Amino acid sequence: MAYRSGGPKVLAIVLAGGEGKRLMPLTADRAKPAVPFGGIYRLVDFALSNVVNSGYLKVVVLTQYKSHSLDRHVTKTWRMSTMLGNYVAPIPAQQRIDKSWYQGSADAIFQSLNTITDEKPDIVVVVGADHVYRMDFSQMVDQHIESGAGVTVAAIRQPIDMSDQFGVIEVADDDHTRISAFREKPTDPAGLPDSPDEILASMGNYVFSADALIEAVTKDSTLEGSKHDMGGDIVPALVEQRAAYTYDFQKNVIPGGTERDMGYWRDVGTMDSYFDAHMDLVSIHPVFNLYNYDWPIYTSHGPYPPAKFVHGSHGRFGEALNSAVSPGVVISGARVNGSVISPDVRVHSYTEVDSSVILDGVEIGRHCAIQRAVIDKNVVVPDGAKIGFDREHDLERGFSVTESGITVVGKGQTVVA
């Protein structure tokens with residue numbers, strides 16, 4: 001918990017048990033928060049960096065689905081000063097209450113209430129583990145305390161046609177910060193009064209008064225028919241008590257932030273949104289700036305040497321333009337454009353990679369052509385192979401292809417030319 005000049009005691013809980021079915025095949029062998037992102041990161045690094053940068057240094061990460069690589073990453077990377085009593089602790093489903101696994105996000109907290117009762121915080125910050133953004137949670141905590149709310153929900157405007165992907169917030173007429181209704185993924189939302197084409201969406205980030213959270217998840221655990229979900233059950237229960245308020249993410253100010261990336265938030269819950277978020281990183285003036293050293297995104301990417309670009313004659317030019325290239329990469333007589341290349345990747349001569357995301361340990365042979373593709377770890381692409389040019393051929397080879405035409409090659413999958 002963080003002590004801010006005699007301020008409230010704050011415990012952070014990161015909900016990282018998501019299965020991530022819509023990110024298949026990237027989640028076939030790992031939890032969604034463990035999915036690599038941006039070359040050297042995992043998705044969970046963004047939530048943890050935001051919490052830590054906000055000054056909250058006692059953090060529990062609740063894991064469940066295929067959590068080995070996630071637990072390993074958190075344990076190896078996120079080490080706090082034990083002298084100061086700080087920690088980031090991954091906690092798998094413990095079956096402390098009964099023999100069942102987590103039945104939902106609220107049930108995950110209910111089954112892990114010992115983490116709250118042991119620390120005795122005043123405030124509990126609860127965040128999801130699979131979004132890309134920067135946020136200073138201390139500003140949201142300050143508003144929460146001032147309002148006297150039981151729960152404060154971080155909110156962001158989104159297009160109305162995406163309402164079925166979010167919890168949608170409606171605010172009271174007499175107080176635009178108090179939530180009058182919270183509807184989980186509605187198909188018939190009303191647009192905002194000042195912008196009929198937009199809705200106010202929950203970001204899946206909450207600030208609770210500790211007593212209100214404990215009472216809410218404990219009561220919810222006894223309710224038949226409850227899905228035991230934070231957005232679907234806990235927040236609506238507090239809305240009925242007139243104790244739920246909203247926090248406008250757009251007004252959150254980050255040190256080193258720019259007007260361009262202020263309010264940036266990506267829910268990378270689908271392959272298309274995952275791909276699009278990567279393309280945001282490699283634009284000339286990135287919409288999301290990884291180079292903000294005043295609010296760093298922390299991670300650990302292993303003992304790799306610097307990236308290397310070799311060959312510069314006889315038609316063999318090793319180069320990468322408008323791209324993010326990680327340590328350990330060797331681009332040998334190949335051309336990479338508009339792409340994100342993760343550690344320990346090899347791209348061989350006369351190959352072109354365009355608008356793609358290449359994850360760790362991939363080896364791409366000579367005379368290959370790859371466009372609008374996501375290639376998971378440890379794939380070997382043989383000489384002369386083409387990926388992303390012929391949808392039917394990609395499907396025949398067992399790859400996934402999204403509606404927008406992004407070809408996805410699974411982890412360790414065999415590629416034939």
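The structure reproduced in this document is the subject of the present report.

Over its 12 residues, helix α8 (residues 271–282) runs 17 Å from end to end, which matches the ideal 16 Å to within 8%, given 1.5 Å per residue. Looking only at α8, the buried set comprises Met271, Ser273, Tyr274, Phe275, Ala277, His278, Met279, Asp280, Leu281 and Val282.

A separate point is the pairing of strand β5 (residues 87–92). Bridge analysis of strand β4 (residues 58–63) against β5 gives 6 bridges, and the strand direction is parallel. The residue of β5 that forms the bridge with valine 61 is proline 90. In this region the chain leaves β4, passes through helix α2 (residues 68–77) and returns to the parallel neighbour β5; the handedness of that crossover is right-handed.

As a further point, take the sheet that holds strand β31 (residues 407–409). Spatial ordering of the open sheet is given by β18-β21-β24-β27-β31-β30, a layout of 6 strands whose pairing is mixed. Across the chains shown, the open sheet's two edge strands, defined by having one partner strand only, are β18 (324–325) and β30 (400–401). Pairing between β30 and β31: 2 bridges, direction antiparallel. Bridge pairing links serine 400 to valine 408 in β31. Here α8 sits on the sheet in contact with β18, β21 (340–341), β24 (357–358), β27 (373–375) and β31, set at roughly 100° to β27.

Any two side chains of opposite charge can pair, given that their charged atoms come close. Considering all chains together, one arrives at 13 salt bridges under this definition. A salt bridge links arginine 346 to aspartate 344, with the nearest nitrogen and oxygen atoms 3.5 Å apart. Owing to a relative accessible area of 28%, arginine 346 belongs among the partly exposed residues under this scheme. The structure contains a network of salt bridges with shared partners spanning Arg157, Asp194 and Glu198.

For the rest of this paragraph, the subject is the pairing of strand β1 (residues 10–16). Summarising burial for β1: 7 of the 7 residues are buried, a large majority. The side-chain alternation of β1 yields two buried faces, one formed by Val10, Ala12, Val14 and Ala16 and the other by Leu11, Ile13 and Leu15. The pairing of β1 with β4 spans 5 bridges and is classified as parallel. Within β4, the position partnered with isoleucine 13 by the bridge is valine 60.

It is worth spelling out unusual backbone geometry at this point. Of all residues except glycine, most have a negative phi; of all peptide bonds, most are trans. Cis geometry is found at the peptide bond from methionine 24 to proline 25, where omega equals 5°. Along the chain, proline 25 turns up in the loop between β1 and β2 (36–37). For aspartate 344, which is not glycine, the phi dihedral falls at a positive 65°. The topology assignment puts aspartate 344 in the loop between β21 and β22 (346–347). The exposure class of aspartate 344 is partly exposed, given its relative accessible area of 32%.

Next up on the list: the packing of aromatic side chains. Two aromatic rings, taken as a pair, are described by how far apart their centres are and by the angle between their planes. What the rule picks out here adds up to 9 aromatic pairs. Measuring from centroid to centroid gives 6.0 Å for phenylalanine 37 and tyrosine 274, while their planes differ by 70°, and the two rings are edge-to-face. Of the two residues, phenylalanine 37 sits in strand β2 while tyrosine 274 sits in helix α8, which places them 237 residues apart along the sequence. What makes tyrosine 274 buried here is its relative accessible area of 0%. On the numbers, 6.1 Å between centres and 55° between planes, the contact of phenylalanine 46 with phenylalanine 288 is tilted. With phenylalanine 46 in helix α1 (residues 44–53) and phenylalanine 288 in the loop between α8 and β14 (308–310), the pair connects residues that are 242 residues apart, well separated along the chain. Clustering of aromatic rings is evident, with ring pairs tying together Phe37, Tyr41, Phe46, Tyr264, Tyr274 and Phe288. Over the aromatic face of phenylalanine 389 sits the side chain of lysine 386, whose NZ or CZ is 5.8 Å from the ring centroid.

Thresholds, definitions, all that
Residues numbered from 1 in each chain as written. Predicted model: local features only at pLDDT ≥ 70, side-chain atom pairs only at ≥ 80, totals over all residues. Heavy atoms only, no water. Helix = DSSP H or I, 4+ residues; strand = E, 2+ residues; numbered from the N terminus. Expected span 1.5 Å × (residues − 1). Buried < 20%, exposed > 50% of the residue type's maximum accessible area, 1.4 Å probe, protein only. Pairing = 2+ DSSP bridges. Right-handed = clockwise from strand over helix to strand, strands pointing away. Contact = heavy atoms within 4.5 Å. Axes fitted to C-alpha atoms, helices over the stretch in contact; angles between N-to-C directions. Salt bridge = Lys/Arg side-chain N within 4 Å of Asp/Glu carboxyl O. Phe/Tyr/Trp six-rings, centres within 6.5 Å; stacked < 30°, edge-to-face > 60°. Lys NZ or Arg CZ within 6 Å of the ring centre and 35° of its normal.

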